[in-house]
Every structure is written in structure tokens, then in C-alpha cells.
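One letter stands for each residue in the lines below.
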Amino acid sequence: GLRMVDGYSGTVVDRAESWLREQPIGSLLDKKELKGLLVELDGDEDFWTTQKPKFDDIWKQIDSHLRQEERPLDVILRKGMLASIAEGVEGVPIPEDILKAFMRTKAVESLAGAILYTGILEFMQRADVLGNVVNSLPVIGPVRKQVNAALKEALDQTLGGQIKDFLGTQSRPAVEQMITFILSPDNKKGFGRSGRRAAEYVLSRPVNKLLPSLETSDGLRDQVWSSIRQSAGTLSDEDTFLDSFFEQMNDRTLGEFLPDIPPTAKRGMLVVWQKFLDSESGMGLSSSSPQRRRERDFE
């Protein structure tokens, strides 16, 4: 097992972690150095060209593994995690600005108009307005059916267009009413419960049923890679962003943002580090002084 043998204050990982946590972010890398690295990274086409096949292969391996997974997430994940996800979805507030931006689009307005149009026609059919008119006429049998059909066709041609013209002016107000309804405090709990049910439904489905088609997955893969590829250039061009970042973070220590490393993870790192030192590549490091005196805090 791993144990301390030289009485030093901590293991290699402990000392490295402690040092990193104490360092101000600005002392590790200043704005000019970071910008230079980003510019160099953005312009290194050889690097990006060699990384793309590796990225594609990783994506393919993950995608292939998920497509073979027939268990649902509510079986794979712990019950406590499932409850946390469901409660989180139920309790998350609906961002008003995002909702309005989504709802106030041509597609949603067209959807609202189509729903209203279908509702009006459905009402007319169920109310049987035409049937009542025809019943009041002095005709019977086949003639009545012909008159009824002719009236319906004429109504669809004339009234249908008028309904659509009317709805063209009412779709936007209908969408605004929908936004008000969704954001109403009286309805927030109801939509929260709906979100929870949707999350529970997704978690109950087999993982491979949640994936898009292979063609869609490939398209998504290329979009993700394109975003990664453009990120270095975008950040290097944004002086305002870099100025703001260093202004706020320059004097803050890295320890404020680093999560705690669990002891098991540290032991795993030490095992890997020792294997490296014992390898041909690491032997030179472990035989030099004063490195030799520091190479092992465990055996």
C-alpha cells in the first residue's frame, strides 16, 4: 500500500495541489501571454488537421457505445441522482427573456394560427351549422346530401380564406397571451410539474432510443468541432473579454475555483506517477539530484 516514508509534509500530488491553490491567476499567465498562445493555437493548422481525426474517432466510439446501451437512465443512474434531476427540472424557473425570444417567432405564430384555424373548423363541424341549414330546406334524400356537400365546399372556399385572413391578425396577440399564461405565477407550478414528467419520461427510455440518427449525429459532431476550432480565434480577438477576465480574476487565487481532489483520486495519480518514474522515460528524472530525494513519498 501507499504510505509516507520520509516524514515530508505531503505527497507529490498534495504539494502540487497546495502550490496551485495558492497562486494568483495573474501570476500563472498574464493577458499578453494568453493572447499570444491563443493566436498561435488558432493559426496552427497542422495541429487542428491532426486533431480532427482523433476527435472524430472519440465521437464515434462514444456514439457506438451509447447505441448499444439498451438500459434506461433510471436504471443506470442512482435513485438519489434521479430524484435530484427531476426536482431540479421541476424547480428551474422559466427565463422570461428566452421564452419571449422563442415565442415571438414566425414559426410559433404560424403554429398558433394553425391551432386556431383547426379549432374554428372543428367547432363548425361539431355544431353542424350546415346540417341545420339544410334541414330547414324542403329537400329530402340524395338531394339533401348533394346540397349539404355543395354548401360545405362553398363554405371552405369562401369562409376558409376569411378565417385565415382573420387569424393572420390574431396569431401574434394569441402568442402574447400564451407568454402571459406561461409566466403567470399561478401556472408556474403546473409547468414545473410538466417539466418533471418530461424529465422522468426521458430518464425511463432506453439510452439508444434517445440518440438522433447517424446522419444527424455526424452533423452534430461537425458542428461541435467547428465551434471548438473557432473558439481559440474568437477569444484571441476579444480584447474586451480578456481585459474583463483579468481585471476580475487577476488577484484571485486558483484555489477559489479548483474543486477538492478526493483522496482516492490522489492515490490514483500517485500510482500513475510512480509507474512513470519506474518507466524508461521517467528513469532520468528519478535518478537526478535533488529530484531523487523527492521522487518517492510512498512505497
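## Topic: the packing of aromatic side chains
Tallied over the full model, the rule gives seven aromatic pairs. Relative to Trp 48, the ring of Phe 47 has its centre 5.3 Å away and its plane inclined at 75°; by these criteria the two rings are edge-to-face. Residue Trp 48 is classed as buried on the basis of its relative accessible area, which comes to 8%. An angle of 40° between the planes, with centres 5.2 Å apart, marks the rings of Phe 55 and Trp 225 as tilted. Taken together, the residues span a long stretch of sequence, with Phe 55 in helix α4 (residues 45-67) and Trp 225 in helix α13 (residues 214-237) at a distance of 170 residues. Of the two residues, Phe 55 and Trp 225, both sit in the buried class. What links up through ring pairs into an aromatic cluster is the set Phe 47, Trp 48, Phe 55, Trp 59 and Trp 225.

## A word on the layout of surface pockets
Size it by volume and the second largest pocket reaches roughly 170 Å³. As for the second largest pocket, its lining consists of Val 89, Glu 90, Val 92, Pro 93, Ile 94, Lys 188, Phe 191, Gly 192 and Gly 195. Contributions of two or more residues to the lining of the second largest pocket are made by α6 (79-91) and α11 (185-204). By residue number, the principal contributor to the lining of the second largest pocket is α11, which donates four residues. Tallied by class, residues from the lining of the second largest pocket come to five nonpolar, two polar and two charged.

## Some details on a nonpolar patch on the surface
A contiguous nonpolar patch, built from Trp 19, Leu 20, Leu 28 and Leu 258 and spanning about 340 Å² of accessible area, is present on the exposed surface. Locating Leu 258 in the fold gives a position in the loop between α14 (239-249) and α15 (263-278).

## Looking at the packing of α4 against α13
Where α4 meets α13, the closest approach of the two axes is 11 Å, and the angle between their N-to-C directions is 145°. Between α4 and α13 the crossing geometry is right-handed. Where α4 abuts α13, its residues Glu 45, Trp 48, Gln 51, Lys 52, Phe 55, Asp 56, Trp 59, Asp 63 and Arg 67 lie against Leu 214, Ser 217, Leu 220, Arg 221, Asp 222, Val 224, Trp 225, Ile 228, Arg 229 and Ala 232. Split by residue class, the contact of α4 with α13 holds nine nonpolar, two polar and eight charged.

## Quick look at helix α3 (residues 31-43)
Counted at 1.5 Å a residue, the expected span for α3 with its 13 residues is 18 Å, and the 18 Å between its end C-alpha atoms agrees. Backbone nitrogen of Lys 32 and a side-chain oxygen of the N-cap are separated by 3.3 Å at the start of α3; the cap is Asp 30.

## What about the confidence of the model for the protein chain?
With 78% of its residues at a pLDDT of at least 70, the protein chain reaches an overall mean of 80. Taken element by element, the predicted model of the protein chain shows its lowest mean pLDDT in helix α17 (residues 291-294) (47) and its highest in α4 (95). This model gives residues 1-9 a pLDDT under 50, and the stretch forms 22 contacts once residues within four places in sequence are excluded. Across residues 289-299, confidence stays below pLDDT 50; counting only partners more than four residues off in sequence or on other chains, it has 34 contacts.

## Structural notes on the pattern of salt bridges
On inspection of all chains with the given rule, the structure shows 21 salt bridges. Close ionic contact of Arg 221 with Asp 56 constitutes a salt bridge, the shortest N to O distance being 3.6 Å. In this pair, Arg 221 sits in helix α13 while Asp 56 sits in helix α4, placing the two residues 165 residues apart along the sequence. Relative accessible area serves as the criterion here: at 17%, Arg 221 is assigned to the buried category. Residues Arg 71 and Glu 69 are paired through a salt bridge, measuring 2.9 Å at the closest nitrogen-oxygen approach. Linked through salt bridges whose partners overlap, the residues forming this network are Asp 14, Glu 17, Arg 21, Asp 260 and Lys 266.

Rules of the game
Once a new chain begins, its residue numbering starts again from 1 and follows that chain's sequence as written. Given that this is a predicted model, residues contribute local features only at a pLDDT of at least 70 and side-chain atom pairs are listed and counted only at 80 or more, while totals for whole chains, interfaces and linings are drawn from all residues. No hydrogens and no water enter the side-chain calculation; it runs on all heavy atoms of the structure. Side-chain rings of Phe, Tyr and Trp, where Trp is taken by its six-membered ring, are said to pair if the distance between their centres is within 6.5 Å; with planes under 30 degrees apart they count as stacked, over 60 as edge-to-face, and otherwise as tilted. With a 1.4 Å probe rolled over the protein chains alone, any residue whose accessible area is under 20% of its type maximum counts as buried; one over 50% counts as exposed, and the rest are partly exposed. Under the scheme used here, helices are H or I runs from DSSP no shorter than 4 residues and strands are E runs no shorter than 2 residues, and both carry numbers assigned from the N terminus. The method works on a 1 Å grid over the protein atoms by themselves. A cavity is a set of points holding a 1.4 Å probe that cannot get out, a pocket is an open set with protein on both sides within 12 Å along at least five of seven lines, and residues with an atom within 4 Å of a point line them. Grid points are joined across faces, edges and corners, and a volume is the space filled by probe spheres set on the points. Residues were grouped as follows: Ala, Val, Leu, Ile, Met, Phe, Trp, Tyr, Cys and Pro as nonpolar; Asp, Glu, Lys and Arg as charged; and all remaining residues, including Gly, as polar. A patch consists of residues whose relative accessible area exceeds 30% and which take part in no salt bridge; residues with like charges are grouped when within 9 Å of each other, and nonpolar side chains (Val, Leu, Ile, Met, Phe, Trp, Tyr) when within 5 Å. Accessible surface area values rest on a Shrake-Rupley calculation with a 1.4 Å probe, where residue burial reflects the displayed protein chains alone. Should a side-chain nitrogen of Lys or Arg be within 4 Å of a carboxyl oxygen of Asp or Glu, the pair is scored as a salt bridge. Lines are fitted to the C-alpha atoms to define the axes, a helix being fitted only along its stretch in contact, and any angle between axes, read from their N-to-C directions, falls within 0 to 180 degrees. Note on convention: near helix rotated counterclockwise from far helix by under a right angle means a left-handed crossing. Clockwise means right-handed. Contacts are residue-level and defined by heavy atoms, with any inter-residue pair within 4.5 Å sufficient. Given a helix with a known number of residues, its expected span is that number minus one, times 1.5 Å. Any pair of N or O atoms that falls within 3.5 Å is considered a polar contact. Within protein, one atom must be able to donate a hydrogen and the other to accept it, and sequence-neighbouring residues count only if both atoms are side-chain atoms. In predicted models, pLDDT denotes the confidence assigned by the predictor to each residue on a 0 to 100 scale.

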